[in-house]
Structure formats: structure tokens, C-alpha cells
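Listed here are the chains, written in short residue letters.
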Amino acid sequence: MEMDLTKKFESVYEIESDAIFRFCLLRVSNRETALDITQETFLRFWQSLQKDKEILSNRAFIFTIAHRLIIDWYRKKKSLSLDKMLDNEDGADYEVEDQMSTEGKLESSAEGRFLIEKINELPSSYRHPLYLRFVEDLSPSEIAEIMGVSINAASVRINRGLIELRKITGYEIQ
Amino acid sequence: MKYNKLQKGIDELKSIKMTSSEKELVLSSILKSSPKIVKPIKSTWVSFSFMALLERNRLVYYIIIPLIIVLSGGGVVFASADSLPNGILYPVKVKILEPVEGALIFSQTAKAKHESNLAKRRLIEAETLAEAGKLDISTEDKINILLENHTNALNKALDKAVVEDINSKNETEDISTNFRAEMNAHARILDIITKKEEHKNENGSQNENQNQNIDINTNIQIKQDKKEEVAKDGELSNTARSSAEKVKDNDKQQEVKSGEVYVQKKDKIENLINTTDKKLEVHITEDKKFNNRKVIVNTSKTFNKAKSELEEADKKNREGDSKEAYKALLDSESSIKEVNILLESHYENEEKHEEENHNDD
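Residues numbered from 1 in each chain as written. Chains lettered and ligands numbered in written order. Predicted model: local features only at pLDDT ≥ 70, side-chain atom pairs only at ≥ 80, totals over all residues. Heavy atoms only, no water.

### Thoughts on the overall build of chain A
Step number 1: Counting its regular elements, chain A contains 8 helices and 0 strands.
Step number 2: Order of helices (α) and strands (β) in chain A, N terminus to C terminus: α-α-α-α-α-α-α-α.
Step number 3: Within the span of chain A, comprising 174 residues, buried residues form 44% of the whole.
Step number 4: In chain A, 65% of the contacts between residues at least 6 apart in sequence involve partners at least 24 apart.
Step number 5: With the model as given, the accessible surface of chain A reaches about 9700 Å², and the carbon-plus-sulfur share is 49%. (Helix = DSSP H or I, 4+ residues; strand = E, 2+ residues; numbered from the N terminus. Buried < 20%, exposed > 50% of the residue type's maximum accessible area, 1.4 Å probe, protein only. Contact = heavy atoms within 4.5 Å. Areas by Shrake-Rupley, 256 points an atom, 1.4 Å probe, with all protein chains shown as cover.)

Right, dumping it as C-alpha cells:
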């Protein structure tokens, strides 16, 4: 039983770990942090498996965990930066939140970087559904589960996001 | 061309991966670090537990939980039934329990009876508090408002009862004369208690002054304060008397009764006067036997008033003014009922002492 569970976890980890890592890295822009969040995501998934929790879609479940952990990380980082800024009166050490670190820039080449920059320019309600649909190939139902919206709403966001992306990139997307 | 650029961008993004060593490291740390979750061992007695019962049958939720709520709520309501105006549960009694009771009564006559009883209950509560020396100004105001509300509700119910059923007139008359008698009698009882308390307080403050030699000015101030409170105390009995008058005014609106009804009513009142007279006789003889005191003057006055009102009714009837005659008859009935209430209450003795003290003075 225990062996089956481990095997199941390992197979899911093998398939999804890169996608989760990528998802984290493109949002936190730091390799170490992305690795930490990926590890935490899979740790929680592993604990859920051990507790016999009912999981309908492993993929959507793992992405949901990662999505929430990233939100938590941003919240923590924001409060830390504010403390830092208050400590230092002239604010010279203050780091811009969304600035890509050196490691982040090295990860992708010109087209990839351009694409992710443009996706990040989109409103957040379009940004995540669009990324999950086209980069991670998730279905609208899985995206709906991660974002906590209806399937219909997820599809609408994907389509509208696509139109917005076409406007700002000039790509002819079908 | 541009579409290819998009695909190329996506492919480049997809090429972002963990290194195999990172993958290994993360996997091994997850499998090592996570402590094995031990499932709790089920007790053999669990199937008999209350929670197990809830888990087995969800329907129990819908029965037991509302039952608990009803029982605990019912407990509070039950406990509030005997609460007094200065108690915590008193608002539950006057704002929930009594209105609900009233809402469940559909006949207007019964509703009028209910309101009359509630008004009586308010005065008894005031008497209980006054006797314990706990009737303060705010409580008195509270009771005053409630008493006025009950009187208004009673008047409305009496009006509706007559419209609803013309045959219920005799019953509504009874309710209204009873109410007037109760209000006047309890107003008098309340006055007796208030005077007694006032007397006690005066004696108390005099003793205190003698013992402690307090400054004269302070004494005057204390006396004045107490007088103000006493003066305020009279308000409730005044409200009770005015409530009785309100119901009396309501009676005036009634149409002229036929001769037969008048005779029946008169016979009833005469019987009542005779039995009350006997009761008074008993009181006089008992009084003479034990301590040779004079009988209650005020109660006797009310008794005589009842008699004279009856005579007046007869006179008016002979003159042909049947409306006024019937009115005087109702006044007489109310007065004689008031005498009965006073005789039955234990406060008559107090009044006896009062009267005797006045005579001695």
C-alpha cells in the first residue's frame, strides 16, 4: 500500500515537477525560491496522498497549491520589503518587487522572455489563465479549478486574454 | 511568421526545467522529511458514541440540534416567567413570552382577559419590588409604560370583541369592571406599601442622625431626596387609576341596556354587596375579638360608595335615564369588586394600622 502510494507520487512528480518549477520561476523570478516553492508544493501533495484525500485531478490540485504558495510568498515578501525600507531611511537598498533577477533572465532566450514580459503586462485575471492554457497546456476545467472560477468564466478569460495579447504583441494567434 | 514566433516563445518557456540533480534532491527531501502520518486507531466503543450516531445518520442532525436549541431557549423562557422588572430575564418575559402568548389567543374576549391579567401582573410586580425597597425610578417608568400599553391593548380588544360578537357584551363588561376594580385596589395597595417604606426610611434616617451626629444640612438634603423618590413612587398608582378611568370611559360608549338586563345586573350586584357585607362583618368581629381595633375606614368607604352608586342607579332608572342608571350600576359593581380584592389581600391590616395611627394623632 505504502509502496503504491510512493510509486504514484513519484510518477506524478516525474510528469509535473518541471511544469510546477517553471510556473513558480516565471512568477517569483528566483531559482532558489522557485525550487523551495516547488518542494513545498509536492510535500503538501504527498501529505494529501497519505491522508487519502479525494483528489479529482492531480494536475489541477498541484497547480492550485503552487498558485496559493506563490501568493503567500508575495505577501510575505511585501511586508519584508516594507520593513527593510523603513529601516533604511534613504531607501537605497529597496529592491523593486517584480524586477527579474539575473538567474531569471538567463533561463529563457529572447522570444521566451518577450512573451513572458507581454503576458505579465496583461491584467492578472487574464495573465494566469492564458499562461496555464498555452504554456502548460491545461484544460479550461483544470484552469477553472485552480483559479476558483467556473469553466465558462475560465474560457472567457482565456479568449479575452488572447485578444489582449495579440494587441500588445502583434502576433496573429488563431 | 509571427505565429511561429509565438510558438517559439512558448517552446522556449517550456524548455525551462529543473536539473536532474535538483529533481533528485527535491524528491528525496520530500520523501525523507515528511513524517509518516499515523492514522488514529478506532476505539471499539466508538460505535456507541454520540458522534458516531451523528456520523451514521445525518438525519439526527436535523432532529437533535434543533431540539437542543429549542430546549435551551425554552429553558430561558421558562426561567423568565417569574422574573421581576429589575431582573436580567425580564425583557424576555415582556417582549417574547407574553406577546407570543397573546398572539396565540384568537378570540378578542380572551385577548382582553389576557391584557387585563398582564396589567394586574405588572402592578403585583411593582408591589413585590416596592415591598423589598427595590422599586427605583427607572423600573417604575418601565412598568408605567407597560401598564399604559396593556390598557390600550385591552381597550382595543374590548372594542373588537363587541364588534366580533354582540352576545359577548356581558363578558366584556365583566372584564372591564374587574379590570377597574383590580387597578384601583392595587393602586391603593401600592400606596400603602410606599407609605410604609417612606415611614421606615424616615425612622431609619432619624436614628442614623442621632447616632452619628451628621450635619443638619445633609439631613435636610437626604430627606428632600427621599421625598422626591416617594413623590415619584405615587406615579404608578396614578397610572393604574387613570388606566381604570380609561376603561370606564370606554364603557360609556356602550348603548342603552334593556330593562331585563338592568334587573339581572342589579340582582347580581346586590348579591355581591350582601356577601361582601358578611365578609366585612367577620373582619369587624375578629378585629374586636383580638385587639379591639377599628375596621378599615377606606375599605368601608369604598363599600359605602358601592352601595350609594347602586342607589343612584335605582334613582336614575326611576327617572327614566336608563343609560346613566346602567353606568352607575357598573361603577357600583367595580367598587364592590375592589372591596373584595382589598379584603382578600393581606395589606388590609397594614391599612388598618395606618388608619389607627392617623386617629391616634
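Read on for the rest.
### Some points on the overall build of chain B
Step number 1: In terms of regular secondary structure, chain B is built from 13 helices and 0 strands.
Step number 2: For chain B, the α and β elements follow one another from N to C terminus as α-α-α-α-α-α-α-α-α-α-α-α-α.
Step number 3: In chain B, which comprises 361 residues, the share counted as buried stands at 39%.
Step number 4: The long-range fraction of contacts in chain B, counting pairs at least 24 apart against all pairs at least 6 apart in sequence, stands at 79%.
Step number 5: Just so you have it, chain B exposes about 21600 Å², and 54% of that area is on carbon and sulfur atoms.

### Quick notes on helix 8 (residues 151–169) of chain A
Residues and elements named next belong to chain A.
Step number 1: Here helix 8 is 19 residues long and its end C-alpha atoms lie 26 Å apart, about the 27 Å a rise of 1.5 Å per residue gives.
Step number 2: Taken together, the buried positions of helix 8 are occupied by Ala154, Ile158, Gly161, Leu162, Leu165 and Thr169. For helix 8, the arc enclosing every buried residue in end-on projection is 105°, short of the 170-degree limit, so these residues lie on one face. When the buried face of helix 8 is taken as reference, the exposed residues oriented beyond 90 degrees from it are Asn152 and Lys167. (Expected span 1.5 Å × (residues − 1). Arc of directions from axis to C-beta.)

### Focus on unusual backbone geometry
Step number 1: Located in the positive-phi region is Ser29 of chain A, a residue other than glycine, with phi close to 60°.
Step number 2: As for its placement among the helices and strands, Ser29 of chain A is situated in the loop between helix 1 (2–28) and helix 2 (31–50).

### Examining the side chain of Glu115 of chain B
Residue and element names in this part refer to chain B.
Step number 1: With respect to the helices, strands and loops of the structure, Glu115 is situated in helix 6 (residues 108–131).
Step number 2: The charged side chain of Glu115 is buried without a salt bridge, its nearest counter-charge being Arg122 at 7.5 Å.
Step number 3: Side-chain polar atoms of Glu115 contact the side chain of His150, separated by 3.0 Å.
Step number 4: Other than its neighbours up to four places away in sequence, Glu115 contacts His150, Ala153 and Leu154. (Lys, Arg positive; Asp, Glu negative; His and termini not counted. Salt bridge = Lys/Arg side-chain N within 4 Å of Asp/Glu carboxyl O. Polar contact = N/O pair within 3.5 Å; in protein donor to acceptor, adjacent residues only side chain to side chain.)

### Topic: a nonpolar patch on the surface
Step number 1: Residues Leu59, Tyr62 and Ile63 of chain B make up a contiguous nonpolar surface patch of about 360 Å² in total accessible area.
Step number 2: Of note, Tyr62 of chain B is situated in helix 4 (residues 59–80). (Patch = residues over 30% accessible without salt bridge, like charges linked within 9 Å, V, L, I, M, F, W, Y side chains within 5 Å.)

### Focus on the packing of helix 4 of chain B against helix 5 (residues 90–103) of chain B
Residues and elements named next belong to chain B.
Step number 1: One can describe the packing of helix 4 onto helix 5 by two numbers: an axis separation of 9 Å at closest approach and a directional angle of 115°. As judged from the angle between their axes, helix 4 and helix 5 are roughly perpendicular. Crossing handedness for the pair helix 4 and helix 5: left-handed. For the pair helix 4 and helix 5, the contacting residues are Val76, Val77 and Ser80 in the first and Val92, Lys93 and Leu97 in the second. (Axes fitted to C-alpha atoms, helices over the stretch in contact; angles between N-to-C directions. Parallel < 35°, antiparallel > 145°, perpendicular 65-115°, else oblique. Left-handed = near helix turned anticlockwise from the far one by under 90°.)

### Overview of the packing of aromatic side chains
All names here are of chain A.
Step number 1: Within the structure shown, the criterion is met by 9 aromatic pairs over all chains.
Step number 2: For the ring pair Phe45 and Phe61, a centre distance of 6.1 Å and an interplane angle of 55° mean the geometry is tilted. With a gap of 16 residues between them, Phe45 in helix 2 and Phe61 in helix 3 (residues 58–87) connect regions that are remote in the sequence.
Step number 3: With a relative accessible area of 0%, Phe45 lands in the buried category. (Phe/Tyr/Trp six-rings, centres within 6.5 Å; stacked < 30°, edge-to-face > 60°.)

### Comments concerning the confidence of the model for chain A
Residues and elements named next belong to chain A.
Step number 1: In this model, chain A carries an average pLDDT of 79, and 80% of its residues clear a pLDDT of 70 or more.
Step number 2: Per-residue pLDDT, averaged within each element of chain A, yields its smallest value for helix 4 (residues 102–107) (45) and its largest for helix 2 (90).
Step number 3: Predicted confidence for residues 88–106 stays below pLDDT 50, and this span has 13 contacts to residues more than four positions away or in other chains. (pLDDT = per-residue confidence, 0-100.)

### Quick word on the nonpolar core
Step number 1: If you look at the biggest cluster of nonpolar residues, it comprises 54 residues, and the most contacted ones within it are Phe9, Phe42, Phe45, Phe63, Leu115 and Leu132 of chain A.
Step number 2: In terms of residue count, the dominant contributor to this core is helix 1 of chain A (12 residues).
Step number 3: Here this core spans two domains, since at least three of its residues come from each of domain 1 (1–103) and domain 2 (108–174) of chain A.
Step number 4: What Phe9 of chain A contacts, discounting residues up to four positions off in sequence, is Phe42, Phe45, Trp46 and Leu49 of chain A together with Leu27, Ile30 and Leu31 of chain B.
Step number 5: In this structure, Ala130, Ala185, Leu236 and Ala244 of chain B belong to the second largest nonpolar core, which totals 27 residues. (Core = buried A, V, L, I, M, F, W, Y, C linked by side-chain atoms within 4.5 Å. Domains from an automatic or database assignment.)

### As for the environment of Leu27 of chain B
Step number 1: Along the polypeptide, Leu27 of chain B turns up in helix 2 (residues 20–33).
Step number 2: The buried category is assigned to Leu27 of chain B, whose relative accessible area is 15%.
Step number 3: Every residue in contact with Leu27 of chain B, bar those within four places of it in the chain, is listed here: Phe9, Glu10 and Tyr13 of chain A.

### Describing the confidence of the model for chain B
All names here are of chain B.
Step number 1: Here chain B averages 75 in pLDDT, and 74% of its residues register 70 or above.
Step number 2: Confidence scores differ between elements of chain B, with helix 13 (residues 347–360) showing the lowest mean pLDDT of 51 and helix 6 the highest of 88.
Step number 3: Note that pLDDT drops below 50 for residues 226–231; the model gives that stretch 4 contacts with residues more than four away or on any other chain.
Step number 4: pLDDT under 50 marks residues 290–295. Its contacts with residues more than four places away, or in other chains, come to 10 contacts.

### Regarding the pattern of salt bridges
Residues and elements named next belong to chain B.
Step number 1: For the structure shown, the criterion picks out 26 salt bridges over all chains.
Step number 2: Taking the shortest distance from any N to any O, the salt bridge between Glu171 and Lys113 comes out at 3.8 Å. A residue pair is termed long-range when its members are at least 10 positions apart, and Glu171 in helix 8 (residues 169–212) and Lys113 in helix 6 qualify at 58 residues.
Step number 3: Overlapping salt bridges, with partners in common, bring together Lys93, Glu98, Arg121, Arg122 and Glu125 in one network.

### Describing the packing of helix 5 of chain B against helix 6 of chain B
Residue and element names in this part refer to chain B.
Step number 1: For the pair helix 5 and helix 6, interaxial distance at closest approach is 11 Å and the crossing angle is 160°. Our classification of the angle between helix 5 and helix 6 gives roughly antiparallel. Read as a crossing pair, helix 5 and helix 6 show a hand that is right-handed. The residues of helix 6 that touch helix 5, namely those facing Tyr90, Lys93, Val94, Glu98, Glu101 and Gly102, are Lys111, His114, Leu118, Arg121, Arg122 and Glu125.
Step number 2: The residue inventory of the contact of helix 5 with helix 6, partitioned by class, reads 3 nonpolar, 2 polar and 7 charged. (Nonpolar A, V, L, I, M, F, W, Y, C, P; charged D, E, K, R; others polar.)

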